[in-house]
Amino acid sequence: MLDSPSLGWPRTVARVLRLGRLHFVAAGFLLFTFGALLALHQGASFAVHRLILGYLAFFPAHLSVSFSNDYFDAAIDALAHPTLFTGGSGVLVAHPQLRPLARRLALGLMALSLAFGIAFAAIYRYPLWLLALLTAGNALGWFYSAPPLRLSVRGYGEIATTLAIGLAVPAWGYVVMRGGLDSGYWLLTPPLLLVGFAFILLV
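Now for a quick tour of the structure.

Definitions and cut-offs
- Residues numbered from 1 in each chain as written.
- Predicted model: local features only at pLDDT ≥ 70, side-chain atom pairs only at ≥ 80, totals over all residues.
- Heavy atoms only, no water.
- Helix = DSSP H or I, 4+ residues; strand = E, 2+ residues; numbered from the N terminus.
- Rg over C-alpha atoms; globule rule 2.2 N^0.38 Å.
- Buried < 20%, exposed > 50% of the residue type's maximum accessible area, 1.4 Å probe, protein only.
- Contact = heavy atoms within 4.5 Å.
- Areas by Shrake-Rupley, 256 points an atom, 1.4 Å probe, with all protein chains shown as cover.

This brings us to the overall build of the protein. Check the secondary structure of the protein and you find ten helices and zero strands. Seen in sequence order, the protein has helices and strands lined up from the N terminus as α-α-α-α-α-α-α-α-α-α. In terms of overall dimensions, the protein is globule-like: its C-alpha atoms have a radius of gyration of 18 Å, near the 17 Å expected for 203 residues. Seen along its three principal axes, the alpha-carbon backbone of the protein occupies a region of about 60 × 35 × 25 Å. Residues classed as buried in the protein amount to 42% of the 203 residues present. A separation threshold of at least 6 residues defines the contact pool for the protein, and within that pool the share at least 24 residues apart is 72%. Taken as a whole, the protein presents about 10,800 Å² of accessible surface, with 74% of it coming from carbon and sulfur.

What follows is the structure, given as structure tokens:
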């Protein structure tokens, strides 16, 4: 049944928020913050404006993954029972008319991520490989479920998630504050990768 005009927008907004699965974003914020705090422990100077702009480049990239995953996995999610961490949000299964909106949001959020990344690199004169790292992170999130790679169904989803959780996300927080990756970060990479691997095995 179609929503009445008076209730359509509030219901759509509520469904989009469910689709975004914000608890995953909170976890990403903690990983980003861990990398930033590690950089401060290694002697980086604290600059709140740099931290905020750096996170603004990461936040939409991470949020876009929820929309793209649900968009490309709608057929599979229809056979599953969603939980807090698995099976998608269930929104596009129940409301397939929102699928085009989910795709547009995913692409728009990735574009916003890159725009903030370009601004960050220009303002703080960071090297271009910073944008390469951000672009690779966006691509990893998109192709986790998007064709032609569809990493999640080809046996590479665990590897992709492990690298994202244990390497890419905390590395971004570290680079934002430190300006690069050094031994202070790489020494903690093995346990972080184990955390990422444990997470994907659990879910």
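Now for unusual backbone geometry. In this model, P147 is joined to P148 through a cis peptide bond whose omega is 5°. You can see P148 is positioned in the loop between α7 (129-143) and α8 (157-178). Backbone geometry at R125 places phi at a positive 55°, although glycine is not the residue there. Despite not being glycine, R150 has its phi angle at roughly 45°, a positive value. Within the secondary structure, R150 is located in the loop between α7 and α8.

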